Structures are given as structure tokens and as C-alpha cells.
Amino acid sequence: MVDRVQRVAQGGARRRAGGVDERRGDGVHGRRAGRGDERRAPRQRPVPDADEARALLAVAFRPAGVTVVLLSALIVVTLVVANSDLTGTFGAIAASWLAIHQVPVTIDGTTLGVLPLIPTAGMMWAVARGCAAVVDPASSRRHALRVIGAAVAGPLVVTAIALAVIADASAVIPLSSPNTLAAFGWVLFVHLLAAAIGVTVAMWPTLGAAVPSWVRDAVRPGLRAMAAILGAGALMVTISLVMEWSTVGLLLERGDGVVGTLGLTILSVLYLPNVVVGAAAAVMGGTAQIGDVSVSVFGNVGGSLPPLPLLGAVPDGVAGGAWPALLVIPLLIGVMLGRDCGRRVAGQEALFTVLTAAAGAGVVTAVLGFVSGGRLGAFGAVELNWWAFGLVTFAWLGLAGAVTAVIVAWIRSRGAEDEVEDDAEDEEPHLPGAEEVPAIAAPAAEEPEAPAGASPSRVIEAELVDDTAAPATPVAPQDAGVEAEVVVDAEVEEDAPTEEPDSPADAGESPESDLPRRPATPSD
């Protein structure tokens with residue numbers, strides 16, 4: 001009976017142990033299977049939340065929507081004032097959208113490729129500001145790329161709609177469909193550049209840390225140089241307008257009324273940046289060509305111009321002999337660039353900073369020269385030789401700026417050396433032997449004043465005797481705390497005069513005496 005009970009108990013224990021092992025095995029297999037499922041499952045990318053989605057939609061369609069609304073209002077008002085029907089309203093709005101992005105527009109067989117820069121600059125400013133508003137220095141790279149993508153995708157959708165509208169309106173009005181690839185390319189370039197500028201400005205505290213210091217220091221001097229170049233062009237245009245004001249007035253009178261004069265004035269204001277860029281190209285040593293007319297500091301070529309009042313500022317006739325003197329302007333701008341870079345960066349990096357700023361200014365001027373040109377219908381082409389404009393800009397700024405930066409850096413280094421020398425002179429010189437040492441003899445007592453009848457030929461000679469034979473006895477330190485190991489006895493030998501001493505006290509003085517042995521300070 002007892003054996004049966006023991007066998008039953010042992011069988012129950014085995015069954016319980018087997019169940020535990022099975023549960024453990026199932027848990028291990030389950031964890032392994034779970035890990036395998038995690039490895040096989042694709043990694044899910046983070047999805048934008050509701051707030052980020054709304055911000056991206058605003059970046060994509062807000063500038064385009066506002067622009068389309070403004071264009072619609074302006075075109076409708078213009079057609080109503082001109083007593084025209086509203087047949088081609090949608091086609092005109094679509095063509096205006098493309099014209100803002102510098103896409104050439106063909107009307108009645110005439111191609112207009114020279115388009116004003118002010119609307120394009122306004123569009124880029126709105127896109128850059130919208131992108132910068134939804135990005136901060138702590139934003140991730142993924143978020144920044146999403147913002148740039150949204151800023152480009154929205155306008156491309158609007159461009160596709162505009163191309164479809166133009167294709168439909170071409171059957172009613174004399175408006176030809178532009179090149180599809182050119183339309184998408186220009187819209188992509190304008191919005192991508194604007195979005196990149198806005199995101200870069202907003203994230204510059206973070207992005208600038210990965211950029212070399214001499215590149216960061218080249219941004220502000222380069223912008224100042226660009227502002228100076230465009231300012232020189234604007235100054236030349238202003239002076240020419242004042243000198244040719246009679247011609248400008250005659251062209252304004254061709255407006256035939258207030259509405260026509262107002263229209264010519266607005267058109268002149270819109271094309272003012274184009275003329276300023278052309279004047280800047282001429283000042284830098286390039287050539288600005290409008291049809292048969294060519295303007296340069298080395299010589300002008302006359303011809304017929306469109307009846308735009310702003311073009312009355314274009315000088316007629318051959319340039320005078322003093323015109324090459326205007327080349328001092330780019331020279332001064334290069335000197336200013338070199339001075340700014342030399343003050344910001346010291347040493348060899350100042351040269352790299354100048355070249356970087358000059359290269360950036362050259363690229364920007366080349367792009368402006370390329371955008372400002374194009375076909376002008378029957379008057380021919382407007383060309384600014386954009387590659388020559390960028391090349392001469394880089395040459396002037398790079399050469400003059402490099403020389404100036406080297407000079408400024410040298411002056412700064414000399415000034416730093418002079419300051420170091422002045423500081424060294426102001427410090428007290430360290431003379432050898434100025435340290436405190438143990439004295440070998442005590443100072444002699446102050447001698448009494450000699451009597452009036454004493455002989456002035458009294459001479460006292462001191463002889464130092466090194467008693468090396470005597471054992472050295474330590475001397476107690478007094479001030480310096482240095483223990484003297486060797487004591488030097490000093491004896492004073494006095495050559496007494498032959499005459500008798502004046503007093504018995506003098507006769508009792510010993511001619512030789514040992515000086516007391518104690519340490520003394522250098523003041524003794």
C-alpha cells in the first residue's frame with residue numbers, strides 16, 4: 001500500500017514538471033515567433049498629424065490661391081475699364097500665372113519673353129515667408145523636406161490647371177499654349193528656390209553649425225556687395241532719367257488720357273528692376289542689348305526702342321571718353337568686400353571668405369541677367385550677356401577684395417603684435433638675482449657724522465674670506481626661510497691715518513672685527 005502511494009506521488013510530480021516545461025517552451029517559441037514577425041514586418045514611416053497636414057496644405061496652396069485671386073480681380077477690372085467683354089478672362093488669368101513665373105507667353109503670334117521681375121520677386125517672398133513660418137531651428141530634416149515638397153507640389157498642380165485652361169481658351173482668343181516642359185521647369189525653379197531660401201533662413205542656427213566658418217562669414221559681405229552693385233545700377237538709372245526727363249515726358253503723353261498714362265506708368269514701374277539689372281551689368285563692364293541698341297561703358301550703339309517711358313533713360317549716341325571711369329565703381333565695391341571680410345576673418349581664411357562671397361555674387365548676377373532677358377516681339381531680343389555679367393562680377397570682387405583683405409589682415413596682425421609689445425613693456429622686467437637669498441653679513445651700523453676736523457681720506461676695505469675648513473653651521477632663517485649651509489666671514493681692514501686719534505675712544509676701537517653671522521634680506 002505504501003509503495004503504491006509513493007508511485008502515485010512520483011507520477012504526479014513528473015506530470016507537473018512536464019507541464020511547466022511545456023509552458024516554458026511555448027513561451028520561448030512565442031517570443032521567438034514574435035521577434036521574427038517584427039523583423040518581417042515593414043518599418044512604418046511617421047505620418048504627419050492633423051496640425052502638420054494643415055500647415056503643409058497652407059504652404060502648398062495659400063500663395064498660389066492668393067495670387068490667382070489678385071490676378072482675377074486685376075484682370076476683370078482692367079477688362080471692364082477698357083469696355084471689353086469677359087470672353088477670355090480665364091485664359092488671361094492662366095497666362096498671367098505663367099508670366100509671373102517667367103514663362104514666355106505668345107499672343108497673336110508674338111512672343112513676350114521679357115517679363116517684369118517685381119511680380120516674380122513678390123511670389124518668391126511669399127513662398128519663402130510661408131515656409132519659414134512652419135519651420136524652426138529644432139525641426140527635423142524630414143519635416144523640412146516635406147515643407148519644401150509641399151511648396152513645390154501646390155504650384156505645379158495650379159500650373160497644370162493653367163495649361164489646360166490656356167489650351168481650352170486658345171480656341172476663343174489668340175493665345176497660344178506655351179511649351180509644357182518650360183512651364184513646369186520655370187515654376188519648379190522659382191518655388192524650389194524660394195522654399196529652399198525660407199527653410200535655410202529659418203534653420204540657419206542649426207544648419208550653419210555644419211558649414212565652415214569662412215563660408216558663414218561670407219554671407220553678409222556678399223549680400224552687401226550685391227546690394228552695392230544693384231544700388232549702383234539704380235543710381236545710374238536715376239541720373240539718366242533726370243537728364244532725359246523731356247524724352248520720358250513725351251513718351252508718357254502717348255498714353256492718350258489718364259488711363260493710358262497710368263497704364264504706362266505702372267508698366268514702367270514693373271519693368272524698373274529689369275532696367276536696373278541692365279544698368280548694373282553695364283557698370284560692371286558688361287553689355288546690355290535691347291534689340292539693335294547696345295549700351296556699355298566702352299561704347300553705345302543707337303537704334304529703335306519700344307515706346308516705354310522707362311526706356312527713355314537709355315542714353316542715345318556713342319558713349320563719351322569719360323565713360324570708362326565708371327569702372328571705379330566695381331573696384332570700390334571689391335575694396336568694400338575685402339574690408340568687410342578682412343574685419344570678420346583673420347589670416348588665410350579671409351582670402352577664402354572673399355572668394356566665396358565673390359563667387360556667390362557672380363552666380364546671383366548671372367541668374368538675374370538671364371532672367372531679365374528674353375524675346376521682345378518685333379523689337380528682337382533683350383540680352384544682358386548673363387555669363388559675362390557673372391564672370392566680370394566675380395573678377396572685380398575677387399581681385400580687388402582679395403588684395404584688400406590681405407592688407408587688412410596684415411594691418412590687424414601688426415596691430416596685435418604692437419599691443420603685445422606694449423603689454424610686455426608695461427610689465428616690470430624680471431632681473432636676475434632678484435630672489436631673496438640668505439645674507440652673509442649683517443649691515444654695518446650707521447656711522448656717526450665725522451667731526452669737522454677729521455681727515456676725509458679715510459678708506460675702508462672689505463675682504464671676504466671663505467672659511468671652508470670650519471664646519472658649516474646652520475643659520476636660523478629670518479625672512480626668506482632659506483637655510484644657509486656655509487658661513488662666510490667678512491673682515492674689514494682699515495688703513496688708519498698716521499696721525500694720532502682725536503679721542504681715546506677712537507684709540508680703543510679694534511681695527512678688525514668679525515661681522516655677526518645671520519641671514520638678511522636683499523634690502524639690507
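Our subject is the structure listed above.
Residues numbered from 1 in each chain as written. Predicted model: local features only at pLDDT ≥ 70, side-chain atom pairs only at ≥ 80, totals over all residues. Heavy atoms only, no water.

## Quick look at the sheet that holds strand E2 (residues 110-112)
Next, step 1: Read from one edge to the other, the open sheet built from three strands follows the order E2-E1-E3, with strand pairing classed as antiparallel. Only two strands of the sheet have a single neighbouring strand rather than two, namely E2 and strand E3 (175-176).
Next, step 2: Of the strand pairs in this sheet, strand E1 (residues 105-107) and E2 are connected by three bridges, and their pairing is antiparallel. Bridged to valine 105 within E2 is leucine 112. (Pairing = 2+ DSSP bridges. Helix = DSSP H or I, 4+ residues; strand = E, 2+ residues; numbered from the N terminus.)

## Structural notes on the packing of aromatic side chains
Aromatic rings considered in pairs are described by the distance between their centres and by the relative angle of their planes.
Next, step 1: Overall, the coordinates contain four aromatic pairs when judged by the stated rule.
Next, step 2: Relative to phenylalanine 189, the ring of tryptophan 186 lies with its centre 6.2 Å away and its plane at 85 degrees, an arrangement referred to as edge-to-face. Here tryptophan 186 pairs with phenylalanine 189, and both are found in helix H6 (residues 180-202), just three residues apart, close to one helical turn.
Next, step 3: The exposure class of phenylalanine 189 is partly exposed, given its relative accessible area of 39%.
Next, step 4: When the centroid spacing of 5.7 Å and the interplanar angle of 55 degrees are considered together, the rings of tryptophan 214 and phenylalanine 352 count as tilted. Of the two residues, tryptophan 214 is situated in helix H8 (residues 213-216) and phenylalanine 352 in helix H14 (residues 349-372); the sequence distance between them amounts to 138 residues.
Next, step 5: Feature note: the residues Trp186, Phe189, Phe370 and Trp386 constitute an aromatic cluster, connected by ring pairs. (Phe/Tyr/Trp six-rings, centres within 6.5 Å; stacked < 30°, edge-to-face > 60°. Buried < 20%, exposed > 50% of the residue type's maximum accessible area, 1.4 Å probe, protein only.)

## Description of a nonpolar patch on the surface
Next, step 1: Together, Phe189, Leu193, Ile197, Val201, Val363 and Val367 make up a nonpolar patch on the protein surface, roughly 500 Å² of accessible area in all.
Next, step 2: Counting only elements with at least two residues in the nonpolar patch, the list comes to H6 and H14.
Next, step 3: The element contributing the most residues to the nonpolar patch is H6, with four residues.
Next, step 4: By secondary structure assignment, the location of valine 363 is in helix H14. (Patch = residues over 30% accessible without salt bridge, like charges linked within 9 Å, V, L, I, M, F, W, Y side chains within 5 Å. Areas by Shrake-Rupley, 256 points an atom, 1.4 Å probe, with all protein chains shown as cover. Salt bridge = Lys/Arg side-chain N within 4 Å of Asp/Glu carboxyl O.)

## A look at the pattern of salt bridges
Any two side chains of opposite charge can pair, on the condition that their charged atoms come close.
Next, step 1: Overall, the coordinates contain four salt bridges when judged by the stated rule.
Next, step 2: A salt bridge links arginine 54 to aspartate 51; the nearest nitrogen and oxygen atoms lie 2.2 Å apart. Note that arginine 54 and aspartate 51 are positioned in helix H2 (residues 50-81) at a spacing of three residues, about one turn of the helix.
Next, step 3: For arginine 54, a relative accessible area of 51% gives the class exposed.
Next, step 4: With a closest N to O distance of 3.3 Å, arginine 339 and aspartate 340 form a salt bridge.

## Section: the nonpolar core
Next, step 1: Core analysis: the biggest nonpolar cluster contains 34 residues, and Trp97, Leu98, Val127, Cys131, Val147 and Val199 have the highest contact counts within it.
Next, step 2: Those elements that place two or more of their residues in this core are H2, helix H3 (89-100), helix H4 (118-133), helix H5 (141-169) and H6.
Next, step 3: When residues in this core are grouped by element, the largest group, nine residues, is from H5.
Next, step 4: Not counting the four nearest positions on each side in its chain, valine 127 is found in contact with Pro63, Ala151, His191, Ala194 and Ala195.
Next, step 5: Residues Ala280, Met284, Leu337 and Ala350 belong to the second largest nonpolar core, which totals 27 residues. (Core = buried A, V, L, I, M, F, W, Y, C linked by side-chain atoms within 4.5 Å. Contact = heavy atoms within 4.5 Å.)

## Observations regarding the environment of alanine 232
Next, step 1: Within the secondary structure, alanine 232 is located in helix H9 (residues 219-243).
Next, step 2: Measuring from C-alpha to C-alpha, the distance between alanine 232 and valine 276 comes to 8.7 Å, with 44 residues separating the pair along the chain.

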